[in-house]
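# Descriptive structure summary
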Amino acid sequence: MKENFKQKSLLQAKDTMAGLGLERYRGEQVFKWIWQKNARDFSGMTDLSKELRLSLDCRFLIAGLEIANVRQEAGGVKKYLLRLQDGQCVESVFIREGQRRTICVSCQVGCPFGCKFCATALLGFKRNLLAYEIADQVRLIQEDIGEKCTNVVFMGMGEPLANLQEVIDALGTMSSPLGLSVSWRHTTVSTVGLLEGMGMLLRSALRVKLAISLNFADEDMRREFMPIASSNPLAEVLRIARIYSMDKEMVTFEYVMIKNINDRIKDAKNLVRLLKGIPSKINLIPYNEHPRLPYQRAADKNIESFYEFLLDSHHTVVIRKSRGQKILAGCGQLSGAV
Ligand code: SAH
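Residues numbered from 1 in each chain as written. Predicted model: local features only at pLDDT ≥ 70, side-chain atom pairs only at ≥ 80, totals over all residues. Heavy atoms only, no water.

## Considering unusual backbone geometry
- Even without glycine at this site, Asn38 takes up a positive phi of about 55°.
- When you line up the elements, Asn38 lands in the loop between α2 (25–35) and α3 (50–59).
- One non-glycine residue with positive phi stands out, namely Asn260, at about 60°.
- By secondary structure assignment, the location of Asn260 is in the loop between β12 (251–257) and α9 (265–274). (Helix = DSSP H or I, 4+ residues; strand = E, 2+ residues; numbered from the N terminus.)

Below, the structure written as C-alpha cells:
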C-alpha cells in the first residue's frame, strides 16, 4: 500500500527524502506543493524532475479531506461537513468579519466529555483526528474560498487538550512558512479545562492563545453541566490560567449564557469574585439552541445586564456576536448532520 505523504510533518518529509538518497530540500518542495499549492498528486510538481515525480508516485499518494457538504449563511458564515479518509465526518466553520477571516476547526470526531448543553456531546466520542486531518481543514477551506485565513480557533468538535500531541503537530504545519503560515498568535485553543493539558501547554514553547470554557461561576453547577469538571477542580484551572496570562498570552474565559441557568446578576457577581486577580478577557456567548437539547438562549436584556455588571467591575468583556445559528454552525451546534 502506498504511504500518504500528507501525513508527514516538514521534518518527516525531509527525512523521507534523505532516506531515499535525495537532497533534504526535496522534502520542503513537496511539503510546499501539498500545503501551499493544494497538490493532490506529484504530477504537477514542476520543480521536480519527471523521473523523481514518477518514482514518488510509485511510493506515495497525497490524500486528505474532502468536502461532503457546505452551507452558507448571509453574513459571512460557511459551515463545512468534511469527510475523512475513513469515511467519518467532522465540521469546520469559516467566519468572515471585517478584515478577519477565521476558520474554526475540529480536533476529534465527536467529543468524550459530555457537556450537557453542547450538541457535539450527543455524538459521543468516535476518535481523535491526526495532525494532518486538523491542518487539512484549514487548507481545504482556504482553497474553497480562494483566500488565506487570518485566524484559526480550535472551537469545533472535540477537545484539543485531549488530543494535544496531534494538535501541536498540526500547529507546526499550520504555522510553518512552508506550510499554511498562520501565526501562533492568531491561533486560539479552547479547552473545557483539562488540567493536565493546560499544564503541558503552559510548559511548552507554544505561545498560542488559550480560551477556557468556564460557563459557570459556581463549581457545583459547573460539575453538573460539565461532568469533566469533577476531576478538574476549578481552583486549579484558575491557578494555571493566571500563570498562563502572566507568562504567555492573556487567557479568555468563555461563558455560554443559558436562560434561567447561569444568566442572573448573582451569577455575574460570582464570576467577578472568581476571576479576581486573573488578567483575562471574558467572552459572553449567547447560547445557541439546538433541536435535540432542552436549553434556551438567555434573554437579550439579561445578557446586557450581565455584560454591564462585568464592565462596571472593570473586566474586559465582549458579547460574541452569534453567527451561523440558522445553519447550526454556532458554538456547540456542530453535530455532524449532513
Ligand atoms: N472542547 C473545547 C472546544 C469546543 S466548544 C471547549 O470546551 O472549549 C467551543 C465553545 O462552545 C465552548 O466554550 C463551549 O462552552 C461552547 N458551547 C458549547 N455548546 C454551546 C451552545 N449550544 N451554544 C453556545 N456555545 C456553546
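## A word on the site of the ligand
- Taken together, 19 residues lie around the ligand, and Ser190, Ser213, Asn215, Tyr287 and Asn288 are the ones closest in.
- Side-chain polar atom of Ser213 to an oxygen atom of the ligand: 2.6 Å apart, as the coordinates give it.
- Contact between the ligand and Glu254: an oxygen atom at 3.3 Å from a side-chain N or O atom of the residue.
- Protein coverage of the free-state accessible area of the ligand, which is 530 Å², stands at 95%.
- Secondary-structure elements contributing two or more residues to the shell around the ligand are β10 (187–191) and β12.
- Each residue belonging to the shell around the ligand can be placed in one class, and the counts come to nine nonpolar, eight polar and two charged. (Near = heavy atom within 4 Å. Polar contact = N/O pair within 3.5 Å; in protein donor to acceptor, adjacent residues only side chain to side chain. Areas by Shrake-Rupley, 256 points an atom, 1.4 Å probe, with all protein chains shown as cover. Nonpolar A, V, L, I, M, F, W, Y, C, P; charged D, E, K, R; others polar.)

## Topic: the domain arrangement of the protein chain
- Each assigned domain of the protein chain is listed here: domain 1 (3–61) and domain 2 (66–327).
- For domain 1 versus domain 2, the separation of C-alpha centres amounts to 34 Å.
- With 12 residues of domain 1 at the contact, the number on the domain 2 side is 13 residues.
- By the criterion of area lost to domain 2, the three top residues of domain 1 are Lys6, Trp35 and Asn38, representing 44% of everything that side buries.
- Our count for the domain 1 to domain 2 interface comes out at two salt bridges.
- A salt bridge links Glu143 to Arg40; the nearest nitrogen and oxygen atoms lie 2.9 Å apart.
- The tally of links from domain 1 across to domain 2 stands at six residue pairs in polar contact (both at pLDDT 80 or more).
- Ranked by residues supplied to the side of domain 1 that touches domain 2, first place goes to α2 with five residues.
- The class makeup of the residues in the side of domain 1 that touches domain 2 is four nonpolar, four polar and four charged. (Domains from an automatic or database assignment. Contact = heavy atoms within 4.5 Å. Buried area = accessible area lost by both parts, 1.4 Å probe. Salt bridge = Lys/Arg side-chain N within 4 Å of Asp/Glu carboxyl O.)

## Considering the side chain of Asn4
- Mapped onto the fold, Asn4 is located in strand β1 (residues 3–4).
- Judged by relative accessible area, which is 10%, Asn4 ranks as buried.
- Polar contacts involving the side chain of Asn4 include one to the main-chain carbonyl oxygen of Ala63, which spans 2.8 Å.
- The contact partners of Asn4, leaving out residues within four places of it in the chain, are Leu61, Ile62, Ala63 and Tyr132. (Buried < 20%, exposed > 50% of the residue type's maximum accessible area, 1.4 Å probe, protein only.)

## So, the nonpolar core
- Ranked by size, the top nonpolar core spans 102 residues in total, and within it Phe5, Val30, Phe117, Phe154, Phe253 and Leu271 carry the most contacts.
- With eight residues, the single largest contributor to this core is helix α4 (residues 131–145).
- Both domains that meet at this core, namely domain 1 (3–61) and domain 2 (66–327), each give it at least three residues.
- Discounting residues that sit within four places of it in the chain, Phe5 has contacts with Ala13, Thr16, Met17, Val30, Ile34, Phe42, Phe60, Leu61 and Ile62.
- If you look at the next biggest cluster of nonpolar residues, it comprises six residues, including Val77, Cys104, Val153 and Ala211. (Core = buried A, V, L, I, M, F, W, Y, C linked by side-chain atoms within 4.5 Å.)

## Some details on helix α8 (residues 234–247)
- Across its 14 residues, α8 extends 20 Å between first and last C-alpha, which sits within 8% of the 20 Å expected from 1.5 Å per residue.
- Considered for burial, the residues of α8 that qualify are Leu234, Val237, Leu238, Ile240, Ala241, Tyr244 and Ser245. Viewed end-on, α8 has its buried residues packed into an arc of 165°, placing them on one side of the element. Residues of α8 that are exposed and angled more than 90 degrees away from the buried face: Ala235 and Asp247.
- Buried positions along α8 lie against α6 (195–203), β11 (209–213), α7 (219–225), β12 and α9. (Expected span 1.5 Å × (residues − 1). Arc of directions from axis to C-beta.)

## Section: the packing of aromatic side chains
- The full count for this structure, using the stated rule, is eight aromatic pairs.
- With a centroid separation of 6.1 Å and 55° between ring planes, the pair formed by Phe117 and Phe216 is classed as tilted. Placement of the pair is Phe117 in the loop between β7 (108–110) and β8 (125–128) and Phe216 in the loop between β11 and α7, with a sequence separation of 99 residues.
- For the cation-ring pair, Lys8 lies above Phe5, with the distance from its terminal atom to the ring centre recorded as 5.7 Å. (Phe/Tyr/Trp six-rings, centres within 6.5 Å; stacked < 30°, edge-to-face > 60°. Lys NZ or Arg CZ within 6 Å of the ring centre and 35° of its normal.)

## Looking at the pattern of salt bridges
- Summed over all chains, the structure comprises 20 salt bridges.
- In this structure, Arg127 and Asp86 form a salt bridge, with 2.8 Å as the shortest nitrogen-oxygen distance. Taken together, the residues Arg127 in strand β8 and Asp86 in the loop between β4 (77–83) and β5 (89–97) connect sequence positions 41 residues apart.
- Classification of Asp86 as partly exposed rests on a relative accessible area of 43%.
- Here the salt bridges share partners, and the residues they tie into one network are Lys6, Arg40, Asp136, Arg139 and Glu143.

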